[in-house]
Amino acid sequence: MNATDDPRRRPDESLDVIRRLPGIADEDLPFHGHHRIGEHLMRETGETGAMGATGEAAEEARPDRARYRRRLVLSAAVGAAACTAMAAVTLGVGGSGEHPAAVRTEPAAVRLLDRAALAAQAAPAPTVRDGQFLYTRTVGHSTSLSETANGGMEAAPTDESAERWVPVDGAGGTLTRTARGTSTDPAAGAVKANINHPTYRFLESLPTDPDRLLELIYADARRNHGGGSGSTTGPDQEAFVAIGDLLRTVEAPPGLSAALYRAAARIPGVVLVPESTDALGRTGVAVARVHHAERTEWIFEPATTRLLGERTVLLKDGPWGKTGTPVTSVAIAARGIADEPGQVPER
């Protein structure tokens, strides 16, 4: 584990990194008293350890199963959920059902997400025709947990690198190419597009007002995951994961990408991680949420705030690994528009 993966870095080191990040200096934060808030956040980080990590232990191995696999998929069910934000500013969120009076988040995280939104909104909108395909190449791994001969459990990485061709209009299936082979999901074209199975045309239809968009995402989380009553993660984390999946797995229209970043800034418990490394070894700055001693991070290139990838890091020793271990990590290696499945767009 290197220094960038250590969730127990000293508070003064983290604060110094925040001060040196482009656009995230104290004087750039859009809040009064930002310097005192930043110092308080870092003190809290040092006392609690691991960016405010609290909660239950990492998922335990089940005796009735011989093997499990952790994956980053286009679903709001990746394990992690709400943590109490350490200090910050009150923001309004519609329909979370978890914090009716006030919502707290880190100012530095809000600032980073706002910069990401501005960069996304300034990007030119791609020319996309029906019949074309959104191409994405990702590199990374998940963690598999296997039963050993002596009855113990052993964690090992599983390659999750992939190329995907998703039809713009939903016609036909999604082609996926991995180290395990090539497959087409013929049912994809028959499924009505939704947040968990989006097409570019569906994404174009979503509202670009962050509050309306977040209400829609929370409603989807309640509908698909029991509204928090039967969910093991809760709607806040499900919304955070759903937004991360949308941003990572498909290229959204610029206006919607900007709205997704601003919607994420309204979710309680979003914090800033000063340093993080993606699956390609690229170092960036991240926003994250913590639950069950795991931190789910979105990693950005510091100068441009381009999304590099996502990972989930253990904040407590457990069956999945030691503190600081990335149990899932997926980096965005390439994106583009292809005229047919299997075609790799020119850079």
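Above this text you will find the structure in question.
In this convention, every chain numbers its residues from 1, walking through the sequence in written order. Where local features are concerned, this predicted model is filtered to residues with pLDDT of at least 70; where side-chain atom pairs are given and counted, the filter is 80 or more; whole-chain, interface and lining totals use all residues. Heavy atoms throughout the structure, all of them, feed into the side-chain values; hydrogens and water do not.

Colleague: Would you explain the nonpolar core in this entry?
Modeller: Soluble globular proteins: nonpolar side chains tend toward being buried together. Ranked by size, the top nonpolar core spans 46 residues in total, and within it Leu 113, Ile 243, Tyr 261, Trp 298 and Phe 300 carry the most contacts. Those elements giving two or more residues to this core turn out to be helix H3 (107-122), helix H4 (200-205), helix H5 (210-225), helix H6 (235-249), helix H7 (254-264), strand S10 (283-291) and strand S11 (294-300). Labels follow the DSSP assignment, with helices taken as runs of H or I lasting at least four residues and strands as runs of E lasting at least two, numbered in each case from the N terminus. Per element, the largest residue contribution to this core is eight residues, and it comes from H3. Contacts are residue-level and defined by heavy atoms, with any inter-residue pair within 4.5 Å sufficient. Not counting the four nearest positions on each side in its chain, Ile 243 is found in contact with Leu 214, Ile 217, Leu 260, Ala 263, Ala 264, Ile 267 and Trp 298. Residues belong to a common nonpolar core when they are buried Ala, Val, Leu, Ile, Met, Phe, Trp, Tyr or Cys residues joined through side-chain atoms within 4.5 Å. Burial here depends on accessible area, computed with a 1.4 Å probe over protein chains only, as a share of the maximum for the residue type. Under 20% is buried, over 50% is exposed, and the range in between is partly exposed.

Colleague: What am I meant to see in H7 here?
Modeller: Each α-helix winds once per 3.6 residues, and so residues spaced three or four apart point in a common direction. With respect to burial, H7 is a largely interior element, ten of its eleven residues being buried. Among all positions of H7, only Pro 254, Leu 256, Ser 257, Ala 258, Ala 259, Leu 260, Tyr 261, Arg 262, Ala 263 and Ala 264 are buried.

Colleague: Looking at this model, I keep getting lost on the environment of Trp 320. Mind explaining?
Modeller: Among the structural elements, Trp 320 can be located in the loop between strand S12 (307-314) and strand S13 (326-338). Along the backbone, Trp 320 and Ala 155 are 165 residues apart, and their C-alpha atoms lie at a distance of 5.6 Å.

Colleague: Would you mind showing me how to read the environment of Ser 276 here?
Modeller: Relative to the helices and strands, Ser 276 is located in strand S9 (residues 271-277). Sequence spacing of Ser 276 and Ile 299 is 23 residues, and the spatial spacing of their C-alpha atoms is 6.6 Å. Counting of polar contacts relies on pairs of N or O atoms within 3.5 Å, with two restrictions inside protein: one atom must be capable of donating a hydrogen and the other of accepting it, and residues adjacent in sequence are counted only when both atoms are side-chain atoms. At 2.5 Å, the side chain of Ser 276 and the side chain of Glu 297 are in polar contact. For Ser 276, the side chain forms a polar contact with the side chain of Arg 311, separated by 3.1 Å.

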